[in-house]
Amino acid sequence: MRLLIVEDDHLLGSGLEIGLQQEGCTSEWVRDAGAAAQALRDGTFDALVLDLGLPDRDGLSLLEEIRRDGLDIPVLIITARDALDDRVNGLDAGADDYLTKPFDLPELAARLRALARRSSGRSAGALRVGGLSLDTVTREALLDGSPVAISPKEFALLEMLAARSDHVVPRARLQNSLSEWGEGLESNTLEVHIHNLRRKLGRERILTVRGVGYKLVSEPSS
């Protein structure tokens, strides 16, 4: 998953960014509602982690604006406001889930995975594309029932491709996913990872759409 984290507390924000990366997510972290609105205009995210107590405006008003604009991104509120009315107001404003501080990172990650599954129409933590199966909880891959050894970065790319199987995933989005692991990228880094995945899964399983991106197919040509 690619996440947008909106949290003004530096310690918590940086901790979420690092901890969720260890859970297999990439993220962009911003500290106020204005930066969040700009990030949503400029980028594509699988879920939004939203604090309500932001310095420039209340997070709830940002959420209401997002929904008025028709953006259907899954939203998980994280906040110290734990009264029943606060939870009801957050959910009525358009949040998909609500988690009060303090919380445990594994629970947050599990709730985000559940939101991602629901938004993609899946009820279980698995993606299946033909003979390929990805367990998004354990981060394991099976090809025709046999385990495939892939790195965390390779799994992240493969998960993005599998979630849009038989559709082209833009090259820029795949590169953004890699860049958010916090490492500098060579110009051919994406191609190297795609090459490794093809070597492990079969060259015909991942197609290049020249000038656009890559496509994971459910029925590779023989």
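Caption draft 1: Representation of the pattern of salt bridges within the structure. This model, assessed by the stated rule, comprises twelve salt bridges. The closest approach of N and O atoms between R173 and D46, which form a salt bridge, is 2.9 Å. Of this pair, R173 sits in helix α7 (residues 171-179) while D46 is found in the loop between α2 (33-42) and β3 (47-51), placing the two residues 127 residues apart along the sequence. Through salt bridges with shared partners, a single network forms among E7, D51 and K101.

Caption draft 2: Quick peek at the pairing of strand β4 (residues 75-79). By the criterion of burial, β4 is predominantly enclosed, with five of the five residues buried. Of the two faces of β4, the one lined by V75, I77 and T79 and the one lined by L76 and I78 are each fully buried. As paired elements, β3 and β4 share four bridges and run parallel to each other. From the neighbouring strand, V49 faces β4, where its bridge partner is L76. The parallel pair β3 and β4, bridged by helix α3 (residues 59-68), forms a crossover whose chirality is right-handed. Two strands pair when backbone bridges link them, and β4 and strand β5 (residues 97-100) are joined in this way by four bridges, in the parallel orientation. Bridge assignment links L76 to a residue of β5, and that residue is D97.

Caption draft 3: Representation of the nonpolar core within the structure. Core analysis: the largest hydrophobic core is formed by 24 residues, its most contacted members being L134, L158, L161, L174 and L216. Mapped onto this core, the elements with two or more residues apiece are β6 (126-129), β7 (132-135), β8 (140-143), α6 (152-163), α7, α8 (189-201) and β12 (213-216). Of all the elements, α6 adds the most residues to this core, at six residues. In this structure, L216 is in contact with V129, L132, L158, L161, A162, S165, D166, R205 and I206, ignoring residues within four places of it in sequence. If you look at the next biggest cluster of nonpolar residues, it comprises 23 residues, including A37, A39, L50 and L62.

Caption draft 4: A look at unusual backbone geometry. Geometrically, the link from K101 to P102 is a cis peptide bond, its omega value of -5 degrees lying close to zero. Following the sequence through the fold, P102 ends up in the loop between β5 and α5 (105-119). The backbone phi angle of D144 is positive, close to 55 degrees, even though this residue is not glycine. When you line up the elements, D144 lands in the loop between β8 and β9 (146-148). The exposure class of D144 is exposed, given its relative accessible area of 62%.

Caption draft 5: Representation of the packing of α2 against α3 in the model. Interaxial distance between α2 and α3 falls to 10 Å at its minimum, and their mutual angle equals 20 degrees. Compared by their axis directions, α2 and α3 come out roughly parallel. The crossing of α2 and α3 is right-handed. Contacts between α2 and α3 involve A33, A36, A37 and L40 from the first element and L62, E65 and I66 from the second. In terms of residue class, the contact of α2 with α3 is made up of six nonpolar, no polar and one charged.

Caption draft 6: Molecular detail of the side chain of D51. Counting through the fold element by element, D51 comes out in strand β3. Among the residues examined, D51 registers a relative accessible area of 4% and is labelled buried. Side-chain polar atoms of D51 contact the side chain of K101, separated by 3.3 Å. Here D51 is in contact with V6, E7, D8, G59, I78, T79 and K101, once residues within four sequence places are set aside.

Caption draft 7: How the structure looks around the packing of aromatic side chains. Counting across every chain of the model gives zero aromatic pairs. Here the basic side chain of R31 rests over the ring of W29, its NZ or CZ set 3.8 Å away from the ring centre.

Procedures and definitions
- What you see as residue numbers is a count from 1 along each chain, following the sequence as written.
- This being a predicted model, a pLDDT of at least 70 is required before a residue's local features are given, and a value of 80 or more before pairs of side-chain atoms are given or counted; all residues contribute to the totals for chains, interfaces and linings.
- Values reported for side chains reflect all heavy atoms of the structure, with hydrogen atoms and water molecules removed beforehand.
- Salt bridge, as applied in this entry: a Lys or Arg side-chain nitrogen positioned within 4 Å of an Asp or Glu carboxyl oxygen.
- Each helix is a run of H or I in the DSSP string that is no shorter than four residues. Each strand is a run of E no shorter than two, and both are numbered from the N terminus.
- The rule is simple: take the accessible area with a 1.4 Å probe, protein chains only, and divide by the maximum for that residue type; under 20% is buried, over 50% is exposed, in between is partly exposed.
- Each pair of strands is called paired provided DSSP finds at least two bridges between the two strands.
- Crossover handedness is defined by viewing with both strands directed away from the observer: a clockwise path from the first strand over the helix to the second marks the crossover as right-handed.
- To qualify as a nonpolar core, a set must consist of buried Ala, Val, Leu, Ile, Met, Phe, Trp, Tyr and Cys residues joined through side-chain atoms within 4.5 Å.
- Contact definition: two residues touch when any of their heavy atoms are within 4.5 Å.
- Angular values range over 0 to 180 degrees, each being the angle between N-to-C directions of two axes fitted as lines to C-alpha atoms, with helices fitted over their stretch in contact.
- In this scheme, roughly parallel covers angles under 35 degrees and roughly antiparallel covers those over 145, while 65 to 115 is roughly perpendicular and the rest are oblique.
- Crossing handedness: left-handed means the near helix sits turned counterclockwise from the far one by under a right angle, and right-handed means the same turn made clockwise.
- Polarity classes work like this: nonpolar for Ala, Val, Leu, Ile, Met, Phe, Trp, Tyr, Cys and Pro, charged for Asp, Glu, Lys and Arg, and polar for all others, with Gly in that last group.
- Polar contacts, as counted here, are pairs of nitrogen or oxygen atoms within 3.5 Å of one another; within protein the pair requires one atom able to donate a hydrogen and one able to accept it, and residues that are adjacent in sequence qualify only if both atoms are side-chain atoms.
- Each aromatic pair joins two rings of Phe, Tyr and Trp (for Trp, the six-membered one) with centres within 6.5 Å, and gets the label stacked for planes under 30 degrees apart, edge-to-face for over 60, and tilted for any other angle.
- Counted as over-ring charges are cases with an Arg CZ or a Lys NZ within 6 Å of the ring centre that also lie within 35 degrees of the ring normal.

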